[in-house]
Amino acid sequence: MTAQGFLLLLELVGVFAFALDGALTAMRATHLDLFGVVTLGIVTAVGGGILRDVLLGELPPATFRTWYYLATATAGALAAFWGHRLLARMSRPILVFDTVGLSLFSVTGAQLAVDAGLGAGQAILLGGLTGVGGGTLRDVLVRRVPGILTGGLYALPALCGAAVAVLGPLLGLSSGVSAFAGGAVCALLRTGGVLRGWRAPRATLTAPEQLD
Amino acid sequence: MTAQGFLLLLELVGVFAFALDGALTAMRATHLDLFGVVTLGIVTAVGGGILRDVLLGELPPATFRTWYYLATATAGALAAFWGHRLLARMSRPILVFDTVGLSLFSVTGAQLAVDAGLGAGQAILLGGLTGVGGGTLRDVLVRRVPGILTGGLYALPALCGAAVAVLGPLLGLSSGVSAFAGGAVCALLRTGGVLRGWRAPRATLTAPEQLD
Amino acid sequence: MTAQGFLLLLELVGVFAFALDGALTAMRATHLDLFGVVTLGIVTAVGGGILRDVLLGELPPATFRTWYYLATATAGALAAFWGHRLLARMSRPILVFDTVGLSLFSVTGAQLAVDAGLGAGQAILLGGLTGVGGGTLRDVLVRRVPGILTGGLYALPALCGAAVAVLGPLLGLSSGVSAFAGGAVCALLRTGGVLRGWRAPRATLTAPEQLD
């Protein structure tokens with residue numbers, strides 16, 4: 001298997017995991033029919049990559065240029081729809097898949113942004129957006145305040161992973177090593193955040209009315 | 001009247017109907033002023049086409065390249081704002097217009113995607129998105145869970161119509177016949193769905209908490 | 001200081017003000033952590049410009065082509081996060097900044113749309129969208145019905161300012177004078193709207209159920 005093929009395989013694992021996770025979240029949030037669940041699974045899985053490609057002007061987005069991504073996302077969402085009882089006992093493996101997806105999308109999104117000529121800070125932000133964009137779109141559609149805004153460490157691991165992938169080559173590392181290190185940083189922070197309940201600081205607005 | 005001119009007329013009928021329907025839905029959902037109602041009417045009418053053109057990289061979107069679309073959408077929204085008492089007695093004709101819009105946008109969206117070089121599956125999805133995109137954006141703005149996720153048969157007719165339009169030419173039909181057949185399929189499924197209350201299957205999450 | 005440099009400075013003042021205002025609104029609307037507040041501040045500050053550039057096909061958007069905008073937006077959001085007690089006593093200066101941002105973005109958005117070859121009506125609409133787009137995206141993310149749909153005079157000043165900037169040159173004024181006049185019109189209407197509580201007409205739906 002070539003490096004190219006291995007990367008595509010990893011990407012499809014990430015898409016499948018995001019679709020599973022997105023569909024399950026959608027089923028929990030509100031009463032949806034089959035089409036709603038599949039739609040939200042697809043949106044979660046490919047939304048971040050589509051946002052990335054729209055902002056980079058790479059149109060049509062990679063998602064639409066082959067059938068692999070949409071077919072994989074649909075399969076993940078259908079698996080969630082029909083297998084949710086089974087999946088309810090598998091939150092640990094789903095978290096692992098989801099973390100693979102987040103790490104991979106953040107790192108590849110950041111590297112594509114660098115390749116398109118963006119500066120380091122902008123590339124890091126776009127990498128983070130690639131990682132968290134799909135889940136955020138889904139949350140908007142099911143009327144949840146998006147997890148990135150409230151849910152502890154979700155955006156931060158994505159941004160840190162993207163930062164390592166972008167800054168590594170500037171410090172002399174190869175882009176492959178930087179990508180791998182970025183993915184590892186993202187995965188560790190995310191897993192630590194979930195298992196240990198790490199949180200970012202909050203504003204102490206005891207009396208919000210005061211602000212008006 | 002040329003075929004080109006007839007198609008434009010049909011499109012503008014669809015835009016007008018979507019704007020009427022969008023503005024009425026907005027007025028029902030929440031208390032809005034004139035600008036809110038007109039904004040939501042326009043979003044409903046042209047949102048799907050804009051999403052399609054952004055994803056195909058056809059920028060600026062067709063909506064912005066002439067004044068016809070925006071003027072028609074504004075007229076439809078104003079008609080809803082000032083004429084809602086009259087329109088309340090006309091739900092049947094509005095449904096007809098709305099179905100024309102849905103059928104037309106889904107079929108033309110899918111054909112434009114094929115012309116842009118997308119594969120069949122992706123073109124069908126993009127056609128469906130063109131049909132339902134505007135209403136979905138409106139629902140997000142007025143904080144409804146979008147109708148495509150909950151509301152019985154709305155996305156399915158759009159996708160079926162797009163599928164007929166895309167697959168027809170692969171089976172040897174002319175693109176004109178395929179488009180017409182696709183539009184008819186969409187319109188029949190949609191009308192049937194509304195009149196008979198057809199629904200897609202739902203997930204049987206009796207105890208959603210169990211999933212966490 | 002060159003005219004170019006002065007315009008950039010004004011733009012960055014607008015970005016900073018929008019980020020402050022966006023972050024404060026976010027903190028009032030819901031319980032967010034540091035990343036949520038900064039994210040919403042950035043979205044408010046640069047969202048309108050990104051929407052404009054996506055629709056004009058100017059990709060990657062100006063926001064991502066230099067680090068000035070994102071750095072300024074981040075600084076504004078952090079200032080809101082740490083300084084909200086102080087800012088609570090400064091609603092008047094923030095309104096001034098916010099009005100500068102609204103005026104500037106509406107006028108420059110409209111002029112960029114004209115430069116890209118759009119017709120007058122479409123350019124006015126795109127200018128208005130540039131002005132109100134960021135705040136609207138923020139409101140969607142924190143699940144408020146967007147202010148442009150309910151909140152008195154917010155979209156109207158933006159559209160009027162854009163209209164003056166677009167129509168001025170058609171009437172023989174220089175584009176510099178038109179931009180300045182457009183900005184002044186927007187600022188006056190907005191300030192008047194806030195200080196005097198001007199409102200747009202509402203639909204008189206006493207019995208919304210009647211419409212179904």
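Residues numbered from 1 in each chain as written. Chains lettered and ligands numbered in written order. Predicted model: local features only at pLDDT ≥ 70, side-chain atom pairs only at ≥ 80, totals over all residues.

Asker: Help me out: how do you make sense of the overall build of chain A in this one?
Answerer: Assigned secondary structure in chain A consists of 9 helices and 0 strands. For chain A, the succession of helices and strands along the chain, N to C, is α-α-α-α-α-α-α-α-α. The buried share among the 212 residues of chain A stands at 57%. Put simply, of all contacts in chain A between residues at least 6 apart along the chain, 71% involve residues at least 24 apart. (Helix = DSSP H or I, 4+ residues; strand = E, 2+ residues; numbered from the N terminus. Buried ≥ 20, exposed ≤ 12 C-beta atoms within 10 Å, placed from the backbone. Contact = placed C-beta atoms within 7 Å.)

Asker: How should I be thinking about helix 9 (residues 175–196) of chain B in this particular structure?
Answerer: Side chains that are three or four residues apart share a direction in an α-helix, a result of its 3.6 residues per turn. All names here are of chain B. When the terminal C-alpha atoms of helix 9 are compared, their 31 Å separation across 22 residues agrees well with the 32 Å that a helix rising 1.5 Å per residue should span. When helix 9 is considered as a whole, its buried residues turn out to be Ser178, Ala179, Gly182, Gly183, Val185, Cys186, Leu189 and Arg190. Looking straight down helix 9, one finds its buried side chains confined to an arc of 160°; they lie on one side. Turned more than 90 degrees off the buried face of helix 9, the exposed positions are Gly176, Leu195 and Arg196. Directly after helix 9, the chain includes Gly197, whose backbone phi takes a positive value near 70°. (Expected span 1.5 Å × (residues − 1). Arc of directions from axis to C-beta.)

Asker: What should I look at first to understand the packing of helix 2 (residues 34–56) of chain A against helix 6 (residues 120–141) of chain A in this one?
Answerer: Helix-helix packing is described using two parameters, namely the angle between the two axes and the distance between the axes. All names here are of chain A. Axis separation between helix 2 and helix 6 bottoms out at 7 Å; the angle between their running directions is 135°. The pairing of helix 2 with helix 6 is recorded here as oblique in orientation. Considering only the axes of helix 2 and helix 6, their crossing is right-handed. Contact residues: helix 2 offers Leu40, Val43, Thr44, Ala45, Val46, Gly47, Gly48, Gly49, Leu51, Arg52 and Leu55, while helix 6 offers Leu126, Leu129, Thr130, Gly131, Val132, Gly133, Gly134, Gly135, Leu137, Arg138 and Leu141. Split into classes, the residues belonging to the contact of helix 2 with helix 6 amount to 11 nonpolar, 9 polar and 2 charged. (Axes fitted to C-alpha atoms, helices over the stretch in contact; angles between N-to-C directions. Parallel < 35°, antiparallel > 145°, perpendicular 65-115°, else oblique. Left-handed = near helix turned anticlockwise from the far one by under 90°. Nonpolar A, V, L, I, M, F, W, Y, C, P; charged D, E, K, R; others polar.)

Asker: I'm lost on the environment of B:Arg143 in this one. Help?
Answerer: In this fold, B:Arg143 is placed in the loop between helix 6 (120–141) and helix 7 (147–150). Spatially, the C-alpha atom of B:Arg143 lies 19 Å from that of B:Ala155, the residues being 12 residues apart in sequence.

Asker: Is there a simple way to think about the nonpolar core in this case?
Answerer: Note on soluble globular proteins: their nonpolar side chains tend to be buried together. Counting 200 residues, the largest nonpolar core has A:Ala23, B:Ala23 and C:Ala23 as the members making the most contacts within it. The residues contacting B:Ala23, other than those within four sequence positions of it, are B:Val37, B:Leu40, B:Gly41, B:Gly76, B:Ala77, B:Ala80 and B:Phe81. (Core = buried A, V, L, I, M, F, W, Y, C linked by C-beta atoms within 7 Å.)

Asker: Is there a simple way to think about the environment of A:Leu40 in this case?
Answerer: Tracing the backbone through its elements, the reader meets A:Leu40 in helix 2. For the pair A:Leu40 and A:Thr25, spaced 15 residues apart in sequence, the C-alpha separation works out to 8.9 Å.

Asker: So what exactly am I meant to see when it comes to the confidence of the model for chain A here?
Answerer: If pLDDT is low for a region, its predicted coordinates should not be looked at in detail. All names here are of chain A. Averaged over all residues, the pLDDT of chain A is 83; the fraction at 70 or higher stands at 85%. Mean pLDDT values over the elements of chain A span from 62, in helix 7 (residues 147–150), up to 92, in helix 8 (residues 155–170). Predicted confidence for residues 206–212 stays below pLDDT 50, and this span has 6 contacts to residues more than four positions away or in other chains. For this predicted complex, the interface score ipTM comes out at 0.82, while the overall pTM is 0.86. (pLDDT = per-residue confidence, 0-100.)

Asker: Would you mind going over helix 2 (residues 34–56) of chain B with me for this structure?
Answerer: Between the first and last C-alpha of helix 2 of chain B there are 33 Å, a value that for 23 residues agrees with the 33 Å anticipated at 1.5 Å per step. B:Val46 marks the point of greatest bend in helix 2 of chain B, at about 50°. (Bend = angle between axes of the 7 residues up to and from the residue.)

Asker: I keep staring at the environment of C:Gly14 and nothing clicks. Help me out?
Answerer: All names here are of chain C. Looking at the element boundaries, Gly14 is found in helix 1 (residues 3–29). Classification of Gly14 by C-beta neighbours within 10 Å gives buried; the count is 25. Those residues in contact with Gly14, other than ones at most four positions away along the chain, are Val100, Gly101, Leu104 and Phe105.

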